[in-house]
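# Secondary and tertiary structure notes
Each chain is listed here by its residues.
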Amino acid sequence: MGNDSLSAAEIDALREIAGTMVPADAALGVPGADDPAILADIVKSIGRDLPLVRKALAEIAARSFGSLDRDKREALINDMYASRGAPIVALGRVVLGAYYRDDRVLLALKQEARAPFPKGYTLEQGDWALLDAVRGRPPLWRDDRRELAK
Amino acid sequence: MSGNERVDVLIIGSGASGAAVAWSLAETKMRILCLEQGDWMKSTDFPTNGRDWEARRYGDFDIFPNRRGRDTDYPVNDDNSPMKVANFNGVGGGTVIYTAHWPRMHPSDFKVKSLDGVADDWPIDYWALERFYEENDRMMGVSGLPGDPGVPPRNPPMPPIPLGKTGSHYGRAMNRLGWHWWPSDTTIATTPYEGRAQCINLGHCTPGCAQGAKASTDITYWPLAIRAGVELRTRCRVREITTDEHGMAAGAIYYDADGKEHFQPAEVVIVACNGVGTPRLLLNSASGRFPNGLANSSGLVGRNLMLHPWPMISGYVEETLDGGRAPITNLWSKQFYETDTSRGFVRGYTLQFNRGMGPANQAITSAAAGQLPWGRDHHRVYREMFEHRVGIGVACDDLPEEHNRVTLDPGLKDSHGIPAPKIDYAISDNTRRMMEHGIARAEEILTAAGAKRLFCSRTALNSPGHLLGTARMGSDPERSVVNEWGRCHDVKNLFIVDGSVFVTGGGVNPTSTIQAVALYIADQMKQRLANLFD
């Protein structure tokens, strides 16, 4: 086990767990979080969360994750996440942070696969006439000068 | 320890208030030096330049220093607080990572004792600050829409951010309820402004603006102050303010980027380190003459900490909205801002309406809220949420209480060995009643907007971490730390200009008022230069 990165065995465990957390969906055309490119991004992104992620993997393994069927694996992950423990929350954050920047995932969500800068995005003006109902109302704020002069 | 050449004015901290006071005092032609413990920020370093822009909000651009952990940060022990401390240590300070939401405090916020019989009045009022609010709005560059019946008149120099689909959706719901709403003022430029480019909707503005459309003081006040002769020295972490045999501030001892210790002598010292950094520095400046910390004869340095409890209520509508492709700040409502004792509490709150989130943050926050399952159902639920999110923050007035305080942690230290701050904070009963009222109203609004899957985060997520009240302003030296123009009662050449001097915090984001107060204090100093120490 390396001190600054996951071991090969830990990455294998992570692949199984990530694929359970966010599985591929052929109908939607999205890979799972166990996709090789996404998994590599997850591993590369762990950074400061390494101790917590490592602990999460150990806690999941300790609950016989490897011997469970798919339904029970999903139930186990959801149960553990509901406890809001720092390790499982960190694992979830790292998995989702990498998954939802993958080109294939973004394109399936009808998002452009790019950084926001420098092109930015367009924000429509919206319906300013809605404010007509508010314009011209009497002031809501208290004028301290008037109240304290009484 | 090396000694530096004496300056007329030493400012400690280059954030919202330090920058404003430096710019204002520059016209005096005094020799002014600012020491900043962080670095200059580069727009190319901000997250929206890269594909990992959302993940970096939980890393090197987290608003919480303990999580961010840059070597320019100092740790904060906030274990005994339900709310976390937000700050940023670099040129521009907290304005680098704020949302740029730009409400002012209301006139009533300055007179809560006289009007509502609680806490204390400020020794100054809204009207004394009004022209400094205006000046600051021009300097920072504010976008907004005049004519709001919810707040006193103001004149934003740029038009408001578009309502977008999300704002229109909220507007229809608020009109059905008959409640006040208005597009928020913001320091995000909607047109080219004083050398700044206009907003191009890069997403959530908190982790810095690569476009430079968001006003942070490194790109607003500082270029002008430096051009006018102010020196800004970065990577200089101040350990303590020293005093002379007369009990006057003599200068400050700081560590440079190489860890070398310096003494910087000064005629006047101005502290601008925020509501946690300032009491930390004053308490770390204890001496034989000031055994309880500098300027602390009242015992109030560090006390009356206000953090602005800020519940966040969210839900999901069927209509596809703006998502995260625009600034998150959108609208505000002042319907419940002023005191109505029939509600069961005094003072009130602003409702702050937000846009959605980017793809990753939508997933991360909804998973953390327990709303997004793991496994085969993940994708179906996610698609009902992404770009369908509506969320309202309840910005609660947080009245001062002496037991809410900043002290020095007995063990925790920063990388230079300087004792770190410790936060003890509890939410008062009045504020809890206010929070529950606001949560219920927000749920009414979201229901009227057709939202389902309502979820309330009371304090854990999206806590703003505003830092106020720990060196309060007042005319009585036994009940305050600084006088009505920012000078310490105990040390007549020591001034405090940041949110520490707030007597109350209002129910709004404080940066606009922090800077108006800093400009007001600078103006008072300029008017009194001939007898500043009398």
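For the structure, see preceding data.
These numbers were taken from a predicted model, which means no experiment stands behind them.

### Some words on the packing of helix α1 (residues 8–21) of chain A against helix α5 (residues 86–99) of chain A
Between two packed helices, the angle of one axis relative to the other and the distance separating the axes together describe the packing. Residue and element names in this part refer to chain A. α5 packs onto α1 with a crossing angle of 75 degrees between their chain directions and a minimal axis gap of 11 Å. Judged by the inter-axis angle, α1 sits roughly perpendicular to α5. Along the contact surface, α1 presents L14, I17, A18 and M21, while α5 presents L91, G92 and V95. The residue inventory of the contact of α1 with α5, partitioned by class, reads six nonpolar, one polar and no charged.

### Examining the pairing of strand β12 (residues 349–354) of chain B
Residues and elements named next belong to chain B. β12 sits mainly inside the fold: six of its six residues count as buried. Neither face of β12 is open: one carries Y349, L351 and F353, the other T350, Q352 and N354, and all of them are buried. As paired strands, strand β11 (residues 329–333) and β12 are joined by four bridges and run antiparallel to one another. The partner of S333 across the bridge, within β12, is L351.

### A closer look at the packing of aromatic side chains
Overall, the coordinates contain 19 aromatic pairs over all chains when judged by the stated rule. Through a chain of ring-to-ring contacts, the aromatic side chains of A:W141, B:F110, B:W122, B:Y126, B:W127, B:Y133 and B:F502 assemble into a single cluster.

### So, empty space enclosed by the protein
Taken as a whole, this structure holds six cavities of 30 Å³ or more when the rule is applied. By volume, the largest cavity is sized at about 210 Å³. As for the largest cavity, its lining consists of 24 residues, of which A:L106, A:Y121, B:W53, B:E54 and B:P359 are closest to the centre.

### A look at the packing of helix α5 (residues 164–177) of chain B against helix α10 (residues 429–448) of chain B
Residue and element names in this part refer to chain B. α10 packs onto α5 with a crossing angle of 110 degrees between their chain directions and a minimal axis gap of 8 Å. When the axes of α5 and α10 are compared, the pair comes out roughly perpendicular. The handedness of the crossing between α5 and α10 is right-handed. Side by side, α5 and α10 meet where Y170, A173, M174, R176 and L177 of the first sit next to E444, I445, L446 and A448 of the second. Here the contact of α5 with α10 is built from residues that sort into seven nonpolar, no polar and two charged.

### Focus: the nonpolar core
Residues and elements named next belong to chain B. Among the nonpolar cores identified, the biggest contains 96 residues, and I241, I270 and L494 are the most heavily contacted of them. A per-element tally of this core places helix α11 (residues 511–527) first, with nine residues. Those residues in contact with I270 that sit more than four places away from it in its chain are V9, L10, I11, I12, V21, L25, F495, V497 and M525.

### Quick word on the interface of chain B and chain A
Buried accessible area, meaning the area lost when the parts come together, often serves as the stated size of an interface. Counting from both sides, the interface comprises 75 residues of chain B and, opposite them, 61 residues of chain A. Summed over both sides, the interface between chain B and chain A buries roughly 5800 Å², with carbon and sulfur atoms accounting for 62% of that surface. Considering only the side of chain B, the residues that lose the most area to chain A are B:R51, B:W374 and B:R376, jointly responsible for 17% of the buried surface there. Between the two partners, chain B and chain A, sit five salt bridges. Where chain B touches chain A, the interface holds 30 residue pairs in polar contact (both at pLDDT 80 or more). Breaking the side of chain B that touches chain A down by element, the ones donating at least two residues are α2 (65–68), α3 (112–116), α5, β5 (182–183), α8 (359–368) and α9 (378–385) of chain B. Looking at which element gives the most residues to the side of chain B that touches chain A, the answer is α8(B), with six residues. Residues of the side of chain B that touches chain A, tallied by class, amount to 34 nonpolar, 22 polar and 19 charged.

### A look at unusual backbone geometry
Note that the residue after A:F117, namely A:P118, is joined by a cis bond; omega there is 10 degrees. Here A:P118 is to be found in the loop between α6 (103–108) and α7 (144–149). We note that B:E194 has phi near 50 degrees; this positive angle belongs to a residue other than glycine. Mapped onto the elements, B:E194 comes out in the loop between β5 and α6 (221–227). Despite not being glycine, B:A295 shows a phi value in the positive range, around 65 degrees. Within the element layout of this structure, B:A295 appears in the loop between α7 (274–284) and β10 (312–316).

### Notes on the side chain of B:S24
Inspection of the secondary structure assignment puts B:S24 in helix α1 (residues 16–26). Other than its neighbours up to four places away in sequence, B:S24 contacts B:L519, B:A522, B:D523 and B:K526.

The rules behind the values
- Position labels on residues start from 1 in each chain and follow its written sequence.
- Working convention: letters from A go to chains and numbers from 1 go to ligands, in the order in which they are written.
- The predicted nature of this model means local features are confined to residues of pLDDT at least 70 and side-chain atom pairs, given and counted, to a pLDDT of 80 or more, with totals for whole chains, interfaces and linings taken over all residues.
- Only heavy atoms go into the side-chain values, all of them from the structure, while hydrogens and water stay out.
- Orientation is described by axes fitted as lines to C-alpha atoms, over the contacting stretch for helices, and by angles from 0 to 180 degrees between their N-to-C directions.
- Secondary structure elements are defined from DSSP: runs of H or I of at least 4 residues count as helices, runs of E of at least 2 residues count as strands, and each element is numbered from the N terminus.
- In what follows, roughly perpendicular refers to angles from 65 to 115 degrees, roughly parallel to angles under 35, roughly antiparallel to angles over 145, and oblique to any angle outside these ranges.
- Should any heavy atoms of two residues lie within 4.5 Å, those residues are considered in contact.
- Classification convention: Asp, Glu, Lys, Arg as charged; Ala, Val, Leu, Ile, Met, Phe, Trp, Tyr, Cys, Pro as nonpolar; all other residues, Gly among them, as polar.
- The buried label applies to any residue whose accessible area, calculated with a 1.4 Å probe on protein chains only, is under 20% of its type's maximum; exposed applies above 50%, and partly exposed to all values in between.
- When DSSP finds at least two bridges between two strands, those strands are taken to pair.
- Here the aromatic set is Phe, Tyr and Trp, taking the six-membered ring for Trp, and pairing holds for ring centres within 6.5 Å; pairs whose planes are under 30 degrees apart are stacked, those over 60 apart are edge-to-face, and all others are tilted.
- Cavity means a closed set of points on a 1 Å grid over the protein atoms alone, one where a 1.4 Å probe fits but cannot get out, pocket means an open set with protein on both sides within 12 Å along at least 5 of 7 lines, and lining means a residue has an atom within 4 Å of a point.
- Grid points are joined across faces, edges and corners, and a volume is the space filled by probe spheres set on the points.
- Here is the rule for handedness: rotate from the far helix to the near one, and if that takes an anticlockwise turn smaller than a right angle the crossing is left-handed, while a clockwise turn gives right-handed.
- Side-chain atoms within 4.5 Å are what join buried Ala, Val, Leu, Ile, Met, Phe, Trp, Tyr and Cys residues into a set we call a nonpolar core.
- Buried area is understood as the total, over both parts, of accessible area removed when two parts are fitted together, assessed with a 1.4 Å probe.
- The working definition used for a salt bridge is a side-chain nitrogen of Lys or Arg within 4 Å of a carboxyl oxygen of Asp or Glu.
- Polar contacts, as used here, are pairs of N or O atoms within 3.5 Å; protein pairs need one atom able to donate a hydrogen and one able to accept it. Residues neighboring in sequence count only if both atoms are side-chain atoms.

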